[in-house]
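Chains, contacts and geometry: an overview
Residue-level listing of the chains:
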Amino acid sequence: MSCLITMSQKELHRLELIQRIRGRSLSVVQAAELLGLSRSQVHRLLQAYDLAGADGLVSKKRGRPSNRRHSEDFRNLVLDLVREHYADFGPTLAAEKLLERHRIAVSKETLRQWMMEAGIWVSRRERKKRVFQPRGRRDCFGELVQIDGSLHWWFENRGPKCALLVYIDDATGKLLHLRFAGSENTFDYLHATKAYLQQWGKPIAFYSDKHGIFRTTHASKKDRTSGLTQFGRALYELNIDIICGVERANQTLQDRLVKELRLRGIDTIAAANAYAPEFMADFNRRFGKAPRNPKDMHRPFAAHENLDGAMCRKEIRKLSNSLTLRYDKVMFILDPTDRAAALAGKKVVVCDYPDGRLEITDGEATLPYRTFDTLRSVHRSEGVENKRLDDMLALVAEMQAGREQQRSKGGPRRTGQTDHMFGIRDGSQSNGYQKRGTKPGPKTDFTKDPVVIAKRQQALAQLKAAE
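Residues numbered from 1 in each chain as written. Predicted model: local features only at pLDDT ≥ 70, side-chain atom pairs only at ≥ 80, totals over all residues. Heavy atoms only, no water.

A few points about the overall build of the chain
Per the secondary structure count, the chain includes 17 helices and 13 strands. Burial status across the chain gives 39% buried among its 467 residues. Restricting to contacts in the chain with at least 6 residues of sequence separation, those with at least 24 account for 67%. Entry remark: accessible area of the chain is about 28000 Å², with carbon and sulfur atoms responsible for 50%. (Helix = DSSP H or I, 4+ residues; strand = E, 2+ residues; numbered from the N terminus. Buried < 20%, exposed > 50% of the residue type's maximum accessible area, 1.4 Å probe, protein only. Contact = heavy atoms within 4.5 Å. Areas by Shrake-Rupley, 256 points an atom, 1.4 Å probe, with all protein chains shown as cover.)

And the structure:
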């Protein structure tokens, strides 16, 4: 009666040599050299073959549990911890955290099999396959630095949705800088890039996606002189190229970093930025690669290059004969110095810095100025005695509360600025009124509000009575 025998490649090789010995085409000494065994071991294999045939060469441990296997209680303990703390972790990261936080050592491959059998983890073969076109790494550190931002729930349900700006070296795969921000905006990218350049120096090029911060789609409208965005202009001044592609560097971070923030209870941007250097050091130790060429391609700054002066938003304005200019609905009035008077009717540069500073310069020196905000609300002092003036100011403040006050649509998003002069104060709130918010529809909708009409009629009646 025939039966099916399962043999490994090693056992099949042994069977072939044993059969050749019995066929007298190979000696025991030659077979021992080919198998890497002693002659006595080859004789034992011959005896097993004579007694049981090919089945005698099969390992007797096949199909039996290993003597080095973990106990069932230990396996259940590990899976309980994974379900409680690391249900959405991969086997590699879960094995690291079990050793780091619980002092439980288990192989990542063993844990992978346990998690798959328990239904916690799905193997890559069962997932939908994705097609990637491979691209070789650059040879030198600092030759190409990938820069990317990801708007994601980094704090999950513990905090607000925010963006992570990532700088990763292409040659080594090391994280060089991380910055959490409220959104992807020019000022936060200028903040992060300035910190990166201060620490590492100038790379040959940045590699980014096609976000509007890096690449302008309407150059003739945004910057008729160079066709660059504000971020691109800053890199151009520092002799750093930028290449726009489609690669992204945040997939691993959205897995590991989110879980590290969860384990540490971090739920604010400030706390996440404080933790970022520790995470980068651990990430680079685990995943960083040595470059093929040990040369560091980061360059120092030239004598004529000004990092602080480049990392800002710059716009050109024409100075009026009365030494005034407008920027983002604020009037800037230059002090009448000899230098400013000589610039009347000429162009000056407005430098809007990420830290909230704003300078007006002629390219060589900073010009002192005063400001007048055209969106400033009416504010009543608490000591107003004139009833007529008080009522009229109350009416104006009430009208301002319903009017949508906003800066120029072409102006910068100031999410990334820590402190600036462009905040719009609401006078009605300072006087005890509740802000109504923006009403939908045209402006006439607010003027037809019965509450506002009643207040207007009351103010006009008091005005007539006083007269």
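So, next bit.
Thoughts on the pairing of strand 3 (residues 162-169)
Counting buried residues in strand 3 gives eight out of eight residues, a clear majority hidden from the surface. Of the two faces of strand 3, both are covered, the one formed by Cys-162, Leu-164, Val-166 and Ile-168 as well as the one formed by Ala-163, Leu-165, Tyr-167 and Asp-169. Relative to strand 4 (residues 175-181), strand 3 runs antiparallel, the two being bridged by six bridges. Bridged to Ala-163 within strand 4 is Ala-181. Between strand 3 and strand 4, which pair antiparallel and follow one another directly, the connecting turn spans five residues, one of which, Gly-173, has a positive phi of 75°. (Pairing = 2+ DSSP bridges.)

Considerations on helix 1 (residues 9-22)
In a regular helix each residue adds 1.5 Å, so 14 residues correspond to 20 Å; helix 1 covers 20 Å between its end C-alpha atoms and thus fits that length. Those residues of helix 1 that fall on the buried side of the exposure criterion are Glu-11, Arg-14, Leu-15, Leu-17, Ile-18 and Ile-21. Against helix 2 (28-35) and helix 3 (39-52) lie the buried residues of helix 1. Once helix 1 finishes, Arg-24 follows within two positions and takes phi at roughly 60°, a positive value. (Expected span 1.5 Å × (residues − 1).)

Looking at empty space enclosed by the protein
For the structure on display, the rule yields one cavity of 30 Å³ or more. Volume-wise, the largest cavity comes out at about 40 Å³. Around the largest cavity, the lining residues are Arg-256, Glu-260, Phe-279, Asp-282, Phe-283, Arg-286 and Phe-287. Mapped onto the lining of the largest cavity, the elements with two or more residues apiece are helix 10 (251-263) and helix 11 (269-287). With five residues, the single largest contributor to the lining of the largest cavity is helix 11. Looking at the lining of the largest cavity residue by residue, the class counts come to three nonpolar, no polar and four charged. (1 Å grid on protein atoms, 1.4 Å probe; cavity = no way out; pocket = protein on both sides within 12 Å on 5 of 7 lines; lining within 4 Å. Points joined across faces, edges and corners; volume = space filled by probe spheres on them. Nonpolar A, V, L, I, M, F, W, Y, C, P; charged D, E, K, R; others polar.)

Some thoughts on unusual backbone geometry
Positive phi values are uncommon outside glycine, yet Leu-323 reaches one of about 65°. With respect to the secondary-structure elements, Leu-323 resides in the loop between strand 8 (313-318) and strand 9 (324-327). In this structure, Lys-329 takes a positive phi of about 65° despite not being glycine. In this fold, Lys-329 is placed in the loop between strand 9 and strand 10 (330-334).

Focus on the nonpolar core
Tyr-167, Tyr-189, Phe-206, Phe-231 and Met-311 are the most contacted members of the largest nonpolar core, which has 23 residues in total. Mapped by element, the contributors of at least two residues to this core are strand 2 (144-152), strand 3, helix 7 (186-200), helix 9 (230-237) and helix 12 (307-310). Setting aside residues up to four positions removed in sequence, Phe-231 forms contacts with Ile-147, Tyr-189, Leu-190, Thr-193, Ile-213, Phe-214 and Ile-242. (Core = buried A, V, L, I, M, F, W, Y, C linked by side-chain atoms within 4.5 Å.)

Regarding helix 3
With 14 residues, helix 3 extends 20 Å from end C-alpha to end C-alpha; this agrees with the ideal 20 Å at 1.5 Å per step. All of the buried residues along helix 3 are Val-42, Leu-45 and Leu-46. Each buried residue of helix 3 lies within a common arc of 100° when the element is viewed along its axis, so the set occupies one face. Structural note: helix 3 exposes Gln-47 and Leu-51 on the side pointing more than 90 degrees away from its buried face. Of the surrounding secondary structure, the elements contacted by the buried residues of helix 3 are helix 1 and helix 2. Directly beyond the C-terminal end of helix 3, a positive phi value near 70° is found at Gly-53. (Arc of directions from axis to C-beta.)

Description of the environment of Lys-289
Note that Lys-289 resides in the loop between helix 11 and strand 7 (293-296). Judged by its relative accessible area of 48%, Lys-289 falls in the partly exposed class. Placed 118 residues apart in sequence, Lys-289 and Ala-171 show a C-alpha to C-alpha distance of 7.7 Å.

A look at the pairing of strand 11 (residues 347-352)
In this structure, strand 8 lies alongside strand 11, joined through six bridges in antiparallel fashion. Its bridge partner lying in strand 11, Arg-317 is registered against Val-348. As paired elements, strand 11 and strand 12 (residues 358-361) share four bridges and run antiparallel to each other. Bridge pairing in strand 12 places Val-349 opposite Thr-361. Turn length for the strand 11-strand 12 hairpin, with the two strands adjacent in sequence and antiparallel, is five residues, and the turn residue Gly-356 shows positive phi of about 100°.

A closer look at the side chain of Asp-170
By the secondary structure assignment, Asp-170 is in the loop between strand 3 and strand 4. Discounting chain neighbours no more than four positions away, the residues touching Asp-170 are Arg-135, Gly-136, Arg-137, Arg-138, Leu-144 and Gln-146.

Some points on the packing of aromatic side chains
To describe a pair of aromatic rings, one takes the distance between the centres and the angle between the planes. Tallied over the entire structure, the rule returns 15 aromatic pairs. Taking the centre distance of 6.2 Å and the plane angle of 55° together, the rings of Tyr-275 and Phe-279 count as tilted. Of this pair, Tyr-275 and Phe-279 both sit in helix 11, four residues apart, which is roughly one turn of the helix. One aromatic cluster is present, built from ring pairs that chain together Tyr-275, Phe-279, Phe-283 and Phe-287. Positioned above the aromatic ring of Tyr-353, the side-chain terminus of Arg-357 is 4.0 Å from the ring centre. (Phe/Tyr/Trp six-rings, centres within 6.5 Å; stacked < 30°, edge-to-face > 60°. Lys NZ or Arg CZ within 6 Å of the ring centre and 35° of its normal.)

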